[in-house]
Structures are given as structure tokens and as C-alpha cells.
Amino acid sequence: MRYQELLSIVYKRLAEEWGVSVTQAESAAYGQSVKNWPAFADSTGALQYLKRHYKLVILSNVDNDSFATSNEKLSVPFDAIYTAQDVGSYKPSDRNFDYMLDKLKTLGIEKHEILHTAESMFHDHAPANKHGLANCWIYRRYAQEGFGATMNPGEMPSYNFRFNSMADLAKAHQEALRA
């Protein structure tokens with residue numbers, strides 16, 4: 001199911017659970033709202049900087065149309081984009097990570113060369129651990145409790161690096177180059 005369709009269904013079910021009436025049009029509009037979601041303020045600059053030093057790859061739970069709109073906001077040419085629509089499943093499924101690793105291998109990128117960088121402990125870091133990937137936690141919620149819009153992963157996955165933003169990651173890279 002495409003992410004837009006999934007969001008529409010989730011919106012309707014949550015409204016029903018909370019006793020709020022919504023129209024099909026409102027549910028559909030929410031499903032299509034990804035195109036209106038802003039990028040994090042620091043992402044574009046950090047990704048543009050990192051692109052000068054590394055290949056950048058996206059493994060996303062959204063559909064191709066939704067990511068195309070997000071990608072326009074990021075203004076970064078990614079070396080590969082793998083969406084849930086391409087894979088046929090959503091993270092944290094092993095299938096998503098197997099798909100990405102297989103595709104990256106055809107591009108000459110081996111597992112030991114990958115730094116999986118993400119926020120979600122549940123959707124990203126737990127499966128990255130399971131697949132033996134080095135990972136970097138972008139802990140944007142560092143000043144807040146809980147896991148936000150993502151599920152509690154249960155046992156906390158390990159990570160190799162932790163930064164509070166993509167800008168902090170880029171800054172650390174700059175400092176490492178100067179050292």
C-alpha cells in the first residue's frame with residue numbers, strides 16, 4: 001500500500017477511535033499531506049555539504065511521489081533512492097534493509113562502507129543493528145522524553161555516533177577533517 005493511502009486510513013481510524021467525524025476528502029487530504037511537510041531546517045545544508053564527501057542514499061517509508069516532493073525541498077542529488085513503494089514493505093522490515101544492501105552492492109557499495117543515519121530507533125537503528133550496519137543517531141528529540149511519532153524499540157539499539165541534528169553531524173565531519 002502506498003504511504004499516501006496508508007496515512008489516509010490511519011487518519012480515518014484515529015478519528016474514529018477519538019470519536020471525531022471526518023470526511024473521506026479530509027482523510028485523503030491528510031494522506032497527501034507529505035508534500036506539505038517541511039524539511040528540517042538544517043537538512044538541506046548538511047546534506048549538500050555531506051554530498052561533497054560521500055554518496056548519499058535514501059531508504060524511506062514513503063512512496064515515490066511523496067519522496068519526489070520532499071527531495072525537491074532538500075535540493076540534493078541522491079545517489080540512490082529506495083522507497084517502501086519500491087521494496088513492497090515498510091521499515092523496520094528486514095526486507096527493506098536486504099533490498100537496500102542488495103541494490104547498493106550492485107553500485108559497488110559494500111556493507112562496511114555504509115553509515116546508516118536516521119532518527120528512529122524502532123524503524124532504523126534496530127534493523128541497522130540486526131544487519132550489521134554502522135549507524136548514526138540523529139537525536140532531534142534530545143530535549144524531550146519518549147520517541148515521538150515512532151514506536152518504542154523496547155531494548156535500545158546501539159549506535160556508533162549520535163548528534164542532535166544533521167548540522168551537528170556535518171560540523172563534526174568538518175572538525176575531523178581539520179584535525
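Below is a summary of the structure that appears in this document.

In this section: the nonpolar core. L47, L50, L56, F78, I138, M166 and L169 are the most contacted members of the largest nonpolar core, which has 20 residues in total. Those elements that place two or more of their residues in this core are helix 1 (3-17), helix 3 (43-51), helix 4 (64-74), strand 4 (134-138) and helix 8 (166-178). Ranked by residue count, the leading element in this core is helix 3, at four residues. Residues within four places of L56 in sequence aside, it is in contact with L47, L50, K51, V76, F78, D79 and A80. One finds L59, F97, I109 and I114 within the second-largest nonpolar core, a separate group that totals eleven residues.

Another aspect to go through is the pattern of salt bridges. Pairing of side chains with opposite charge becomes possible as their charged atoms draw close. Counting across every chain of the model gives seven salt bridges. For R2, the salt bridge is made with D63, and the minimal N-O distance between the two is 3.6 Å. Separated by 61 residues along the polypeptide, R2 in the segment before helix 1 and D63 in the loop between strand 1 (57-60) and helix 4 bring together distant segments of the chain. Residue K130 pairs with D94 through a salt bridge whose shortest N-O separation is 2.8 Å. Linking K130 in helix 7 (residues 121-130) with D94 in helix 6 (residues 94-106), this pair joins segments that are 36 residues apart in sequence. Taking relative accessible area as the criterion, K130 reaches 60% and is therefore assigned exposed. Residue classification places D94 among the partly exposed residues on the basis of a relative accessible area of 28%. One network of salt bridges, in which partners are shared, links R2, D63 and D65.

Spatially, 3-4-5 is the arrangement adopted by the three strands of the open sheet, whose pairing is parallel. A single partner strand is all that each edge strand has here, and the edge strands are strand 3 (115-118) and strand 5 (161-163). Averaged over neighbouring strand pairs, the angle between their axes works out to 15 degrees when direction is ignored. Of the strand pairs in this sheet, strand 3 and strand 4 are connected by four bridges, and their pairing is parallel. Across the sheet, the residue bridging to H116 is N135, located in strand 4. Together, strand 3 and strand 4 form the strand contacts of helix 7, whose direction differs from that of strand 4 by roughly 160 degrees.

What follows covers the packing of aromatic side chains. Tallied over the full model, the rule gives seven aromatic pairs. With 6.3 Å between their ring centres and 50 degrees between their planes, Y3 and Y90 make a pair best called tilted. With a gap of 87 residues between them, Y3 in helix 1 and Y90 in the loop between helix 5 (84-87) and helix 6 connect regions that are remote in the sequence. Between Y11 and Y30, the aromatic rings sit 4.7 Å apart at their centres with planes inclined by 25 degrees, giving stacked as the arrangement. A residue pair is termed long-range when its members are at least 10 positions apart, and Y11 in helix 1 and Y30 in helix 2 (residues 24-31) qualify at 19 residues. On the basis of relative accessible area, Y30 is assigned to the partly exposed category, the value being 32%. Chaining the aromatic ring pairs together yields one cluster made of Y3, W37 and Y90. In this structure, R140 packs its charged tip against the face of F40, placed 3.8 Å from the ring centre.

What counts, and at which threshold
- Residues numbered from 1 in each chain as written.
- Predicted model: local features only at pLDDT ≥ 70, side-chain atom pairs only at ≥ 80, totals over all residues.
- Heavy atoms only, no water.
- Core = buried A, V, L, I, M, F, W, Y, C linked by side-chain atoms within 4.5 Å.
- Buried < 20%, exposed > 50% of the residue type's maximum accessible area, 1.4 Å probe, protein only.
- Helix = DSSP H or I, 4+ residues; strand = E, 2+ residues; numbered from the N terminus.
- Contact = heavy atoms within 4.5 Å.
- Salt bridge = Lys/Arg side-chain N within 4 Å of Asp/Glu carboxyl O.
- Pairing = 2+ DSSP bridges.
- Axes fitted to C-alpha atoms, helices over the stretch in contact; angles between N-to-C directions.
- Phe/Tyr/Trp six-rings, centres within 6.5 Å; stacked < 30°, edge-to-face > 60°.
- Lys NZ or Arg CZ within 6 Å of the ring centre and 35° of its normal.

Read these as geometric descriptors, not functional statements.
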